[in-house]
Protein chains: 4
Amino acid sequence: MKTIKCGIIGASGYSGELLVKLLARHPGVDLVLAASRKMAGRKVADALPTVRGYTGDLNFVAPEMEVLLSPDNSVEVFFLALPHGVSAEFAEPLLQAGKRVIDLSADFRLFSPELYEAYYGQPHPRPDLLPATPYVLPEISSPVWKEANLIACPGCYPTSILLPLLPLLKESVLSGEDLIINSLSGISGAGKKLAENFLFCERSESIKAYGIPRHRHLSEIEEQLSLAVNREIVVQFSPHLAPMRRGIATTIVSPAGESTLEALYEAWEKAYAGKPMVSVLGPAETPDTAHVVGTNRIEMAATHDPRTNRFVITSAEDNLMKGAGGQAVQIFNLWYDFPEETGLL
Amino acid sequence: MKTIKCGIIGASGYSGELLVKLLARHPGVDLVLAASRKMAGRKVADALPTVRGYTGDLNFVAPEMEVLLSPDNSVEVFFLALPHGVSAEFAEPLLQAGKRVIDLSADFRLFSPELYEAYYGQPHPRPDLLPATPYVLPEISSPVWKEANLIACPGCYPTSILLPLLPLLKESVLSGEDLIINSLSGISGAGKKLAENFLFCERSESIKAYGIPRHRHLSEIEEQLSLAVNREIVVQFSPHLAPMRRGIATTIVSPAGESTLEALYEAWEKAYAGKPMVSVLGPAETPDTAHVVGTNRIEMAATHDPRTNRFVITSAEDNLMKGAGGQAVQIFNLWYDFPEETGLL
Amino acid sequence: MKTIKCGIIGASGYSGELLVKLLARHPGVDLVLAASRKMAGRKVADALPTVRGYTGDLNFVAPEMEVLLSPDNSVEVFFLALPHGVSAEFAEPLLQAGKRVIDLSADFRLFSPELYEAYYGQPHPRPDLLPATPYVLPEISSPVWKEANLIACPGCYPTSILLPLLPLLKESVLSGEDLIINSLSGISGAGKKLAENFLFCERSESIKAYGIPRHRHLSEIEEQLSLAVNREIVVQFSPHLAPMRRGIATTIVSPAGESTLEALYEAWEKAYAGKPMVSVLGPAETPDTAHVVGTNRIEMAATHDPRTNRFVITSAEDNLMKGAGGQAVQIFNLWYDFPEETGLL
Amino acid sequence: MKTIKCGIIGASGYSGELLVKLLARHPGVDLVLAASRKMAGRKVADALPTVRGYTGDLNFVAPEMEVLLSPDNSVEVFFLALPHGVSAEFAEPLLQAGKRVIDLSADFRLFSPELYEAYYGQPHPRPDLLPATPYVLPEISSPVWKEANLIACPGCYPTSILLPLLPLLKESVLSGEDLIINSLSGISGAGKKLAENFLFCERSESIKAYGIPRHRHLSEIEEQLSLAVNREIVVQFSPHLAPMRRGIATTIVSPAGESTLEALYEAWEKAYAGKPMVSVLGPAETPDTAHVVGTNRIEMAATHDPRTNRFVITSAEDNLMKGAGGQAVQIFNLWYDFPEETGLL
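Cut-off values and rules
- For every chain, the first residue of the written sequence is number 1, and numbering continues from 1 along that sequence.
- Each chain takes a letter, starting from A, and each ligand takes a number, starting from 1, following the order in which they are written.
- Residue-level local features of this predicted model are given only where pLDDT is at least 70; pairs of side-chain atoms are given and counted only at 80 or more, and the full residue set underlies all totals for whole chains, interfaces and linings.
- Calculated side-chain values reflect all of the structure's heavy atoms, with hydrogen atoms and water omitted.
- Secondary structure follows DSSP: runs of H or I at least 4 residues long count as helices, runs of E at least 2 residues long count as strands, and numbering of each begins at the N terminus.
- As a reference, a globule follows 2.2 Å times the number of residues to the power 0.38, and the radius of gyration itself is taken over C-alpha atoms.
- Summary of the burial criterion: residues with accessible area below 20% of their type's maximum are buried, those above 50% are exposed, and those between are partly exposed, where the area comes from a 1.4 Å probe applied to protein chains only.
- Whether two residues are in contact is decided by their heavy atoms: any pair within 4.5 Å suffices.
- Using the Shrake-Rupley algorithm and a 1.4 Å probe, accessible areas are obtained, with residue cover drawn only from the displayed protein chains.
- Just so you know, the count uses Lys and Arg for positive and Asp and Glu for negative, and it drops His and the chain ends.
- Note on charges: their place is set at NZ of Lys, CZ of Arg, CG of Asp or CD of Glu.
- By definition, the buried area sums, over both parts, the 1.4 Å-probe accessible area that each loses when the two are put together.
- Salt bridge, as used here, is a side-chain nitrogen of Lys or Arg placed within 4 Å of a carboxyl oxygen of Asp or Glu.
- Polar contacts here mean pairs of N or O atoms no more than 3.5 Å apart (in protein, one a potential hydrogen donor and the other a potential acceptor; neighbouring residues in sequence count only if both atoms are side-chain atoms).
- In this description, strands pair whenever DSSP reports at least two bridges between them.
- Each axis is a line fitted through C-alpha atoms, and for a helix only the stretch in contact is used; angles between axes span 0 to 180 degrees, taken between their N-to-C directions.
- The score called pLDDT rates the predictor's confidence residue by residue, from a low of 0 to a high of 100.
- A least-squares fit on C-alpha atoms brings the copies together, and the residues used are those whose pLDDT is at least 70 in both copies.
- Left-handed describes a crossing whose near helix is turned anticlockwise from the far helix through less than a right angle; right-handed describes the clockwise counterpart.
- Under the grouping applied here, Gly and all other residues not named as nonpolar or charged are polar, the nonpolar ones being Ala, Val, Leu, Ile, Met, Phe, Trp, Tyr, Cys and Pro and the charged ones Asp, Glu, Lys and Arg.
- In this document the domain limits rely on a domain assignment from an automatic tool or a database.

A.B. asks: So what's going on with the overall build of chain A? Which residues, and what values?
C.D. replies: Tallying secondary structure elements over chain A gives ten helices and 13 strands in all. Over its C-alpha atoms chain A spans a radius of gyration of 20 Å, differing by no more than 12% from the 20 Å that the globule rule assigns to 345 residues. In terms of overall dimensions, chain A has a C-alpha envelope of 65 × 45 × 40 Å along the principal axes. A burial count over chain A gives 65% of its 345 residues as buried. Taking as baseline every contact in chain A between residues at least 6 positions apart, the subset at least 24 positions apart corresponds to 71%. Only carbon and sulfur atoms are counted for the fraction: they give 49% of the accessible area of chain A, which is about 11200 Å². Here chain A holds 30 positive side-chain charges and 40 negative ones, and the gap between their average locations is 5 Å.

A.B. asks: I'd like to hear about the interface of chain C and chain B, residue by residue, with values.
C.D. replies: Listed by partner, the interface residues are 19 residues for chain C and 19 residues for chain B. Across the chain C to chain B interface the summed buried area is about 1600 Å²; carbon plus sulfur atoms make up 52%. For the pair chain C and chain B, the interface holds four salt bridges. Glu285(B) serves as the salt-bridge partner of Arg52(C), at 3.8 Å between the closest nitrogen and oxygen. Linking chain C with chain B are eight residue pairs in polar contact (both at pLDDT 80 or more).

A.B. asks: Give me the interface of chain B and chain A: which residues, what numbers.
C.D. replies: The interface of chain B with chain A comprises 44 residues on the first partner and 44 residues on the second. Of the roughly 3600 Å² buried between chain B and chain A, counting both surfaces, carbon and sulfur atoms make up 55%. Summed over the three residues of chain B that lose the most area to chain A, namely Glu205(B), Ile207(B) and Arg307(B), the buried surface amounts to 19% of that side. Where chain B packs against chain A, one counts eight salt bridges. Mapped by element, the contributors of at least two residues to the side of chain B that touches chain A are strand S7 (179–185), helix H7 (200–203), strand S8 (208–209), helix H8 (217–229), strand S9 (235–241), strand S10 (248–255), strand S12 (298–305) and strand S13 (310–317) of chain B. When residues in the side of chain B that touches chain A are grouped by element, the largest group, four residues, is from S9(B).

A.B. asks: Go over the sheet that holds strand S8 (residues 208–209) of chain C with me, naming the residues and quoting the values.
C.D. replies: Across a sheet, strands are paired by hydrogen bonds formed along the backbone, either parallel or antiparallel in direction. All names here are of chain C. Strands sit in the order S8-S9-S7-S10-S13-S12-S11 across an open sheet of seven strands; the sheet is mixed. Sheet topology places S8 and strand S11 (278–280) at the edges, where each strand pairs with a single neighbour. For strand S10 (residues 248–255) and strand S13 (residues 310–317), the ladder comprises eight bridges, and the chain directions are antiparallel. The partner of Thr250 across the bridge, within S13, is Ser315. Across the face of the sheet, helix H6 (residues 156–170) comes into contact with strand S7 (179–185), strand S9 (235–241), S10, strand S12 (298–305) and S13 while running at roughly 135° to S13. Here helix H8 (residues 217–229) sits on the sheet and contacts S7 and S9; the angle it forms with S9, its principal contact strand, is near 140°.

A.B. asks: How would you explain the confidence of the model for chain A if you had to name every residue and give the values?
C.D. replies: Averaged over chain A, the pLDDT score is 96; the fraction of residues at 70 or greater is 100%. This complex was scored by the predictor with a pTM of 0.97 and an ipTM of 0.97.

A.B. asks: Let's hear about the relation of the copies chain B and chain A: which residues, and what values?
C.D. replies: Each copy superposes on the other: chain B lies on chain A with an RMSD of 0.0 Å after a rotation of 180° and an axial shift of 0.0 Å. Such a turn and shift between the copies fits a two-fold axis. Relative to the rotation axis, the closest C-alpha in chain B is found at Pro243(B), a distance of 3.1 Å. A shared binding surface is used by both copies, with 100% of the interface residues of chain B retained as interface residues in chain A.

A.B. asks: Break down the relation of the copies chain C and chain B for me, citing the residues and quoting the values.
C.D. replies: Note on the copies: chain C fits chain B at an RMSD of 0.0 Å, the axial shift is 0.0 Å, and the rotation between them is 180°. The fraction of interface residues of chain C whose copies in chain B are also interface residues reaches 100%, indicating that both copies meet through the same surface.

A.B. asks: Explain unusual backbone geometry residue by residue, including any values.
C.D. replies: Residue Pro213(C) is reached from Ile212(C) by a cis peptide bond, and omega for that bond is 0°. Within the element layout of this structure, Pro213(C) appears in the loop between S8 and H8. The phi torsion at Ser172(A) lies on the positive side, around 60°, for a residue other than glycine. The exposure class of Ser172(A) is exposed, given its relative accessible area of 59%. The phi dihedral of Glu205(A) falls on the positive side, at around 60°, and the residue is not glycine. If you trace the backbone, Glu205(A) turns up in the loop between helix H7 (200–203) and strand S8 (208–209).

A.B. asks: A description of the environment of Asp46(B) should follow, citing residues and the corresponding values.
C.D. replies: Residue and element names in this part refer to chain B. Along the chain, Asp46 falls in helix H2 (residues 44–47). The class for Asp46 is partly exposed, based on a relative accessible area of 42%. Along the sequence, Asp46 and Asp305 sit 259 residues apart, while their C-alpha atoms lie 52 Å from each other.

A.B. asks: Before we move on, can you summarise the packing of helix H1 (residues 14–25) of chain B against helix H10 (residues 321–335) of chain B with the specific residues and values?
C.D. replies: All names here are of chain B. In contact at an axis separation of 9 Å, H1 and H10 are set at 35° when each is read in the N-to-C sense. For H1 against H10, the interelement crossing comes out right-handed. Counted together, Ser15, Leu18, Leu19, Leu22 and Leu23 of H1 and Met321, Ala324, Gly325, Gly326, Ala328 and Val329 of H10 form the full contact between these two elements. A per-class count over the contact of H1 with H10 returns eight nonpolar, three polar and no charged.

A.B. asks: Tell me about the side chain of Thr314(C), and please be specific about residues and values.
C.D. replies: Tracing the sequence through the fold places Thr314(C) in strand S13. Other than its neighbours up to four places away in sequence, Thr314(C) contacts Thr250(C), Thr251(C), Thr286(C), Pro287(C), Glu299(C), Met300(C), Ala301(C), Ala209(D) and Ile212(D).

A.B. asks: Got a sec to walk through the pattern of salt bridges? Specific residues and values, please.
C.D. replies: Applying the stated rule across the entire model yields 76 salt bridges over all chains. Here Asp288(C) makes a salt bridge to Arg203(D), at a shortest N to O gap of 3.1 Å. One end of the pair, Asp288(C), is in the loop between S11 and S12; the other, Arg203(D), is in helix H7 (residues 200–203), on a second chain. By relative accessible area, which is 3% here, Asp288(C) ends up buried.

A.B. asks: Describe in detail the domain arrangement of chain A, supporting the description with residues and values.
C.D. replies: All names here are of chain A. Taken domain by domain, chain A consists of domain 1 (4–133) and domain 2 (157–319). One C-alpha centre belongs to domain 1, the other to domain 2, and the line joining them spans 27 Å. Every contact between the two is made by 14 residues of domain 1 and, on the other side, 15 residues of domain 2. Between domain 1 and domain 2, a total of about 1300 Å² is buried, with carbon and sulfur atoms accounting for 54% of that surface. On the domain 1 side of the interface with domain 2, the three residues burying the most area are Tyr14, Arg109 and Tyr119, jointly 48% of the side's total. Scanning the region where domain 1 abuts domain 2 turns up two salt bridges.

Now the structure itself:
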């Protein structure tokens, strides 16, 4: 198998850490560079003990452009696991230098710089890059994205919401009106932030809603849903923190209108038949995050409530895999014509 | 302080266990009887180690009527922590013998025996008792309930839903249309069932929806909401299991219509001012189960989403306290004119 | 019941928070003051949501001596839940002002200032106070401690170790040689420190030894054991962090020598008969932290291994209750001749 | 890469489930058979949702010999994930039929049938097979094991204890006297037993010792230690259940005698240099189960306590990987000359 030289910038968060592990064991990847301001100079396996055994003698380097672009590395693809705002600053010079970039931050997920500013509280640093940067849900996005050199990797909540919903909107099973979405996320979704709120004793045995009614990921969810059907879709999105490390479960309620559960499942079947990362469960089942954590799969199911004529749609994924690093690797696989699940089993 | 002789029937589940503890330490209660078929003959403190130190030499007796009604005990109030179907069989002879009964099961929560049969899959064993049995949410129910001798204690999910919603429906802040309710419960809500699904390794680090779209508690939620406004209310209710022992968080989405957030908070203020067990939080806060577990309080908050003109209402309670045994003790306190929080702090 | 005016200084940690709750609901306490530099000016119930419903309108004040000693408060007993080093600074002026002080920090637990310096890395700020400050394990310590005005409350690990061991050493069941002690603590033992190591995602589903071979509590354990038998006792102490919020389980291995298990249990019986906070379990049982968390009880059991002629002694307690705030209240109760378990059930 | 046709018998427990996943994704394995009495006829991916996406259309078959040995399967290697007592019954006919067998149960771990009977409470069903069945710790065992056709895979606790200790005994760093061993295991170690003790609400937020002083694994630990140094070694072993799904942490205290920490680390270095599954950490570190769960690595570290002249040795592993299924695959890899970590990263 050919190997592609890859580098990671920013690996102090949980999705960066997992990405190091995924790339280090990927048979088609030669992980030659890991850059982190915080951990520069340290051996990767010491700084991130969970990847010990995977990264050999690789050391973190400083994320300076001359280091990143050094001919010693000859990195071909950079994965950016950086905070929003910071990613955009790195992407441009890397692209200029002819590199391919997969960005896991929110910086390139929105097409509208106004929306970015409204939700992220700062002007977009490189609005010129937005129009040409595809937002890639591998099972859904048109393959023209493969021609881009900068790819936006979707957010964790949006992935758990868009994968069930997009085929249903596109096939007019749902109108997109009155979508009520509740998501429950493991704590790693908040990153490694040193805040009292994320201490073990605060979050263990605790559950709570947060970020309502206007969590940042709402911008990305609504923009993607709207683009899919060419009209404005507005949803109600209520995220919650659940006392577990990884996993997102999402429950979506939608009016059924004239649609049937059969039609719903047909739309999913049409979109996802043969897609190894999407498991469509029967209407009597509900996805369980424990069945997908550690995998790049998303599970989804739906039921119809005849009392209310609504559909209740449920999904579950690993927020760090299908919701972040795993999906990035899946994108990489498709870009380089590796089998889709390479390095992800 | 006067003391009332109390007995518990059925204490092998989690709410029964907690009820033993609450009654044993209650300064106005003399816990003279604990009956359990499964544990008859065993010392309570051995069979239920979490109540060790509270129950002295009390032994479980068999739940035989001659034992329960023995003059040796002279129990005045029985708390029934029994499965549905079984409770009803015990209630009648106890009432006949002049006892007061607080039932924690579902047997007397519904006024409609048809609804009971539809949701619990069996004819109600004593439909004649239903009309006269009040369903008591102490903060809400009209005090005429105090004249009854048999009280139905509300379910865990319903309490977390009805306490926020009832004042809002009664004050016409909400119409009752299009209520979308998601609840997240700790595993103790499922009782001590020996099923693979409730093993530590299955539930830890796992979250999932279940019982959709027609969980049993839906019958009670809808009947109470409908009775409050004298018209049929139909809701969408999606419960979830969360990896924690105790606690329920509920998130309710409702159209706001012409109502304002101020009106919503006024309705709550009107209903709950001076009620020590209800904490109304500001719109920038969201209740956290960790703040109420171990207490008999429920917390609630609401926010308005101007984008969708909907309210998002959140609540949190301890499913075994305010959602079960604690509320039963609160009912007892009011029945006997003890201060409402006696034995519950 | 008479009520004593009490104040708490330092309540931003977990034991301070619990102490607020315990004192607020204690029928013999009038909690008139809560002081915290970090939270001064905030309503206690807002700053510490877990005590909401207990503290009414009490506000945190600044821990300035003129505030603490203000005649408006007339505090009679101060509970200090402060970091070591800080406690000693507060204790002296409070004593001077005629107040009683129960200190939960390590500052007054050692009699030897040299030992303090060796283990805490700084000279003791008030070595003069050490000789007259009793270290009080209520079940063990000679009641002469009641005459002191400053009391040192034992540490969490030491309580779980000393209560099982002290009677066995005193009765010569154990020689004190070759004691190997392993303790497993919930994360609240580390306090509310904002360190990556205490984030939910780092500690959940994780267990590890730490602080070996010379954890700070070793000084206190060895000094107390040595004082009890008037010769130097040296032990091996290995603490571990376990993925739970509260609770300490301790497992002690000791040579049995000529002693029998019967003699061991007799020594315990002699020490603890009638002591409500100590539960001695049979040799076929092992204490479980889940059975004592939320209570002020410690459970202990022992077995003899005929293959090795050793005893294996196990104990379990709630680190924040019997290991900290609960024991402080127990001391208070004895000081003021309240029944020992007042406010602790 | 060549592929070997493999089959699994017994997959209803946690180590069997993980083994299905490991073998299904192993590039050198063609998993052609999964047998389970309980799940016969069901699709593997439905019966074990955590392996969904790995096992394609494979169905569980009944564990009947004619099915297992059917020429349709042509299984070359059988992995037995069966209860002790049952494994031995399957091993013999499979061996007779010329198959290779890796047994994960306790049935072939002991050389002494008397010891087996003493610890497992029943006569060994096939004592004749014991002498020729190697107990294989891949990093330690002499490679002559590769000539056997039946391999005993070590237990979870023993692996975490023997890997640190065996080199130290063999190199005379430790005498083997006075070894005090404490182990802390995740709940999956108890399997999927439907017992109240393993319910989420019983084990969450709980820690306790169990099985002292004579847990079944003690037989295997002592036999292996004794064989290594050709004299009887007797140890004190105290296992504990910790509130996590996977992982074992072990803490061993041993007299240091004349040995130095340098000598200890040299013995480890000699044994484990170049072994990818063993990570030796420095004396200032302690292994953390969170760093090894999901991997086949074991971490170990040691420190010397000059106060007591003892070593404190710590290790951590994933009980289902290095302690069970992962080690079985590692053995398979070595048997078939695959790189040791194939399918284990």
